[in-house]
Every structure is written in structure tokens, then in C-alpha cells.
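This is what each chain is made of:
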Amino acid sequence: MPQIFVKIDAEKCKGCNLCVEACPKKILSSGRDARNKYGYRAVTANGSEDCTGCLNCALMCPDGAIAVYKRQ
Amino acid sequence: MLPLFEYTKGMREEHTSYCPGCTHGIAHRLIMEALCERGELGRAIGVVPIGCSIVAHNYMNVDMCESMHGRAPAIASGIKRVHPDNIVFTYQGDGDLASIGTGEIIHAAHRGENFTTFFINNAVYGMTGGQMAPTTLIGQKTTTTAGGRSEAANGKPLRMAEIIATIESAAFVERVSLDSPANVRKAKKATLRALETQKAGVGFSFVEFLSTCPTNWGLSPIASLEWLRTDMIPYYPLGNFKTKEIGR
């Protein structure tokens, strides 16, 4: 089970993909199918164990859609 | 679950009206995080300009005042003089601060008004539809310079941080960029230092954020960050231009 957990608020995400670009482990991917109520395809996290919790994705998100948690 | 990063309480949980990939959202968050960390959220007063960030008062969870075009520094001067114990800041774009409001910002710095200005430089007028700003780069295409800005017709872009740094009463002047996680971290530090400068009553503090405008640049959000790095930063060098020591 991954220790670090990236939570993406699909309703706030505008699909700009700045987080996808910023992630050094490439665990985020741009949304493909479902659109949120504003018409954007939200980014998804693949829940990989590679995530180091560097917070690059959250730092680059202009819309506050990303929160990062560590399991205890 | 231990939170490593959560959206700051300084921002209201609202969907912002900014375009996808616009770094206004990052600048908003950094300023509000800094105020939140310093415990100033309930005592901060912001003044917002005309431009895309005219709506910032809907998103920043502090008391805010709307100003006329370019006149945010004059309003902030008044607020700070009446409420010297509150943190007062203005948040202005380049179409606002570097063109119609140039006189206001220079004289606020000249009087050494003890507030902080956050200047968002994205080299274009955003809200009005991508016209040339004083900060538009040579060769950059905008709706009013369809063939690219030419030096012969339009002169060279203004470097506001350098101009403010030459003013004796300005206490803290720094230019930062929002193009990468490392630079976002540096921008946060500059924001904190500007607020400390104001708290210590040393004088006027000014932070310039190099920002993107994917819509009016005609680029994707990721290509916009790349253009910021390759074209804007060489003309607008990052770094601290002035720091007056706190406590002197």
C-alpha cells in the first residue's frame, strides 16, 4: 500500500496539466474521459508507490485542487 | 492521514474564474499561505486592481477593497495610515501597475509607504483581450502589435522591480518567477520577507511575480511556462534588488 496519497479534487481541476509536468515520478496523468461540471477533464493520480511526497504537483496547482497525505 | 499539503484556509473554497494554467492562482495561494503562517489572516487588508485579478476579493479570505484602475497604491496608503497595525497589501497586474498606475506606485514607494505590493507581470493585458502592455517583450505578438512589438515603434519593455529599487524609500524589492516548483518555493520566501519588512515598519516592499497568460500568449499552459523560462527570465532577471535591514 502506498504511503503517500495524492488527492485531486476533480471539480476544482481545470486540466491544465502543470502538475503532470511537475511530477518527477510521472504518477499523474491528464484526464481522458469524464468531464467535471465546468467541462474540464480532471487530472488523475495512479496511486503508485513511487510517490515521494515532494509536493511539486501541489505547489504548481493554480486551482488548489491537490492535497497530499501520508498514511500513518 | 497526516496532511503534507492542504489548500490554505486563506483561500476561499471557490472555483476561480482564471483560465486553465494561469499562474494567478499560484500567486494568490502563496500570499494567503504566507499571511496564514504569520497569523495575520484576520488582520490583513488587501487592495485589488482592475484586470483579471479584479475578482481576487472573491477568492482571498481577507478583508479587501476594490480600487480604480492603477490606484491601488493610493488606497493602500490611506488604509495603512489609518490602520498602521494591520498588514496592508496591493495585488496588481502589469497593465494596472506598469502603465496607468505607474505614477501611483512610484510615489507610494517614494513616500516610503509601509505596505506591500505584489506585482503580477505576464507581459500582456489579460482581461481586456491581450493588448500590448509596457512589459510586453520585443517581438511578442499581441492583439495591438500583430507583427510583434517593435523597438522603433513601441520602445523597450519596462523593468518595474529595477525602477522601484532605485527609489531610496523602497525597503524590499525582489523579482521571482512561478515557472517551476523550485521558483515557487523561492517566491514564497520573498513573500514572507516582504511581509516581515512591512511588519517591522522599515518601508515599502515590492515583489514582482513573473507569471503566465496561456490564453493571450496563444500557448498551452506547459508551453507558457517554457516561454516564461526562455524568453521572459533573460529580460527580467530574477533576484533581490534591495533589502533594507530589519531592526535598524
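The text that follows walks through the structure, step by step, so that each part is easy to find. What you see as residue numbers is a count from 1 along each chain, following the sequence as written. Here every chain gets a letter starting at A, and every ligand a number starting at 1, in the order they are written. It should be noted that, the model being predicted, local features are given only for residues of pLDDT at least 70 and side-chain atom pairs only at 80 or more, the latter also being counted only at that level, while totals for whole chains, interfaces and linings use all residues. Side-chain metrics rest on all non-hydrogen atoms present in the structure, leaving aside hydrogens and water.

Brief notes about the overall build of chain B
Put simply, the test is: We count a stretch as a helix when DSSP gives it H or I for four or more residues in a row; a strand needs E for two or more, and each element gets its number in order from the N terminus. Note that the radius of gyration is over C-alpha atoms, with the globule rule given as 2.2 Å times the number of residues to the power 0.38. Only protein chains enter the calculation, and the probe is 1.4 Å; a residue is then buried if its accessible area is under 20% of its type maximum, exposed if over 50%, and partly exposed in between. In what follows, a contact means two residues having at least one pair of non-hydrogen atoms within 4.5 Å.
Regarding its fold elements, chain B presents 10 helices and eight strands. The C-alpha atoms of chain B give 17 Å as radius of gyration, which agrees with the globular expectation for 248 residues (18 Å, within 12%). The principal-axis extents of the C-alpha atoms in chain B amount to approximately 50 × 50 × 30 Å. Looking at the 248 residues of chain B, the share that counts as buried comes to 56%. Pairs at least 24 apart in sequence give 68% of the contacts found in chain B among residues at least 6 apart.

So, the pattern of salt bridges
Residues and elements named next belong to chain B. Definition in use: Whenever Lys or Arg places a side-chain nitrogen within 4 Å of a carboxyl oxygen from Asp or Glu, that contact is recorded as a salt bridge.
Counting across every chain of the model gives 15 salt bridges over all chains. Two residues, K199 and E40, come together in a salt bridge whose shortest N-O distance is 2.7 Å. Remark: E40 occurs in the loop between helix 1 (24-37) and strand 2 (44-48) and K199 occurs in helix 8 (residues 181-199); sequence separation between them is 159 residues. In this structure, E113 engages R81 in a salt bridge whose closest nitrogen and oxygen atoms are separated by 2.7 Å. With E113 in the loop between helix 5 (102-110) and strand 5 (116-121) and R81 in helix 3 (residues 72-82), this residue pair connects regions lying 32 residues apart in the sequence. Residue E113 is classed as buried on the basis of its relative accessible area of 5%. Here the residues in one salt-bridge network are R29, E33, E37 and K188, joined through shared partners.

Some thoughts on the interface of chain A and chain B
As a reminder, the rule being used: When two parts are put together, the accessible area they lose, computed with a 1.4 Å probe and summed over both, is reported as buried area. Polar contacts, as counted here, are pairs of nitrogen or oxygen atoms within 3.5 Å of one another; within protein the pair requires one atom able to donate a hydrogen and one able to accept it, and residues that are adjacent in sequence qualify only if both atoms are side-chain atoms. Residue polarity is assigned by list, with Asp, Glu, Lys and Arg as charged and Ala, Val, Leu, Ile, Met, Phe, Trp, Tyr, Cys and Pro as nonpolar; anything else, Gly included, falls into the polar class.
Tallying the contact residues gives 30 residues for chain A and 28 residues for chain B. In total, chain A and chain B occlude about 2600 Å² of area from one another, counting both sides; carbon and sulfur atoms represent 65% of this. At the junction of chain A with chain B, the criterion picks out one salt bridge. With its nearest N and O atoms 2.9 Å apart, the salt bridge here joins E13 of chain B to K12 of chain A. The interface formed by chain A and chain B includes 12 residue pairs in polar contact (both at pLDDT 80 or more). Going through the elements one at a time, strand 1 (4-8), helix 1 (18-22), helix 2 (56-60) and strand 4 (66-70) of chain A are the ones with two or more residues in the side of chain A that touches chain B. The element that contributes the greatest number of residues to the side of chain A that touches chain B is strand 4 of chain A, accounting for five residues. Split by residue class, the side of chain A that touches chain B holds 18 nonpolar, five polar and seven charged.

Thoughts on the side chain of T197 of chain B
All names here are of chain B. Along the chain, T197 falls in helix 8. Given a relative accessible area of 3%, T197 falls into the buried group. In this structure T197 touches N114, A171, F172, V202, G203, S205 and I246, once residues within four positions along its chain are discounted.

A closer look at the sheet that holds strand 1 of chain A
Counted only if it meets this: Note on pairing: two strands pair once DSSP finds at least 2 bridges between them. With axes taken as lines fitted to C-alpha atoms, and helix axes fitted only over the stretch in contact, angles between N-to-C directions fall between 0 and 180 degrees.
Taken in spatial order, the three strands line up as 1(A)-4(A)-1(B) in an open sheet, and their pairing is antiparallel. Bordering the open sheet on either side are strand 1 of chain A together with strand 1 (2-5) of chain B, each of which pairs with just one other strand. Strand-to-strand twist across the sheet, computed as the mean angle between neighbouring axes with direction ignored, equals 30°. Alignment of strand 4 of chain A against strand 1 of chain B, held across three bridges, turns out to be antiparallel. If you follow Y69 of chain A over to strand 1 of chain B, its bridge partner there is P3 of chain B.

Section: the sheet that holds strand 4 (residues 87-93) of chain B
Residues and elements named next belong to chain B. Here seven strands make up an open sheet; going across it, the order is 3-2-4-5-7-6-8 and the pairing mixed. The outermost strands of the open sheet, each flanked by one partner alone, are strand 3 (63-66) and strand 8 (239-243). Averaged over neighbouring strand pairs, the angle between their axes works out to 15° when direction is ignored. Sheet topology places strand 5 next to strand 7 (residues 204-210); six bridges connect them, and they run parallel. Each bridged residue has a counterpart across the sheet, and for N121 the counterpart in strand 7 is L210. Sheet strands touched by helix 5: strand 4, strand 5, strand 6 (170-177) and strand 7. Its angle to strand 7, the strand with the most contacts, is close to 140°.

Observations concerning the pairing of strand 1 of chain A
Residues and elements named next belong to chain A. Of the two faces of strand 1, the one lined by I4, V6 and I8 is fully buried and the one lined by F5 and K7 carries no buried residue. Looking at chain direction, strand 1 and strand 4 are connected through five bridges and run antiparallel. Of the residues in strand 4, the one forming a bridge with K7 is A67.

Re helix 8 of chain B
Side chains that are three or four residues apart share a direction in an α-helix, a result of its 3.6 residues per turn. All names here are of chain B. This is how it is decided: The length a helix should cover is 1.5 Å for every residue beyond the first.
Spanning 19 residues, helix 8 covers 27 Å between terminal C-alpha atoms, matching the ideal 27 Å at 1.5 Å per step. Within helix 8, burial applies to P181, N183, V184, A187, K188, A190, T191, L192, A194, L195, T197 and Q198. After helix 8 finishes, the residue G201 shows a positive phi value of roughly 70°.

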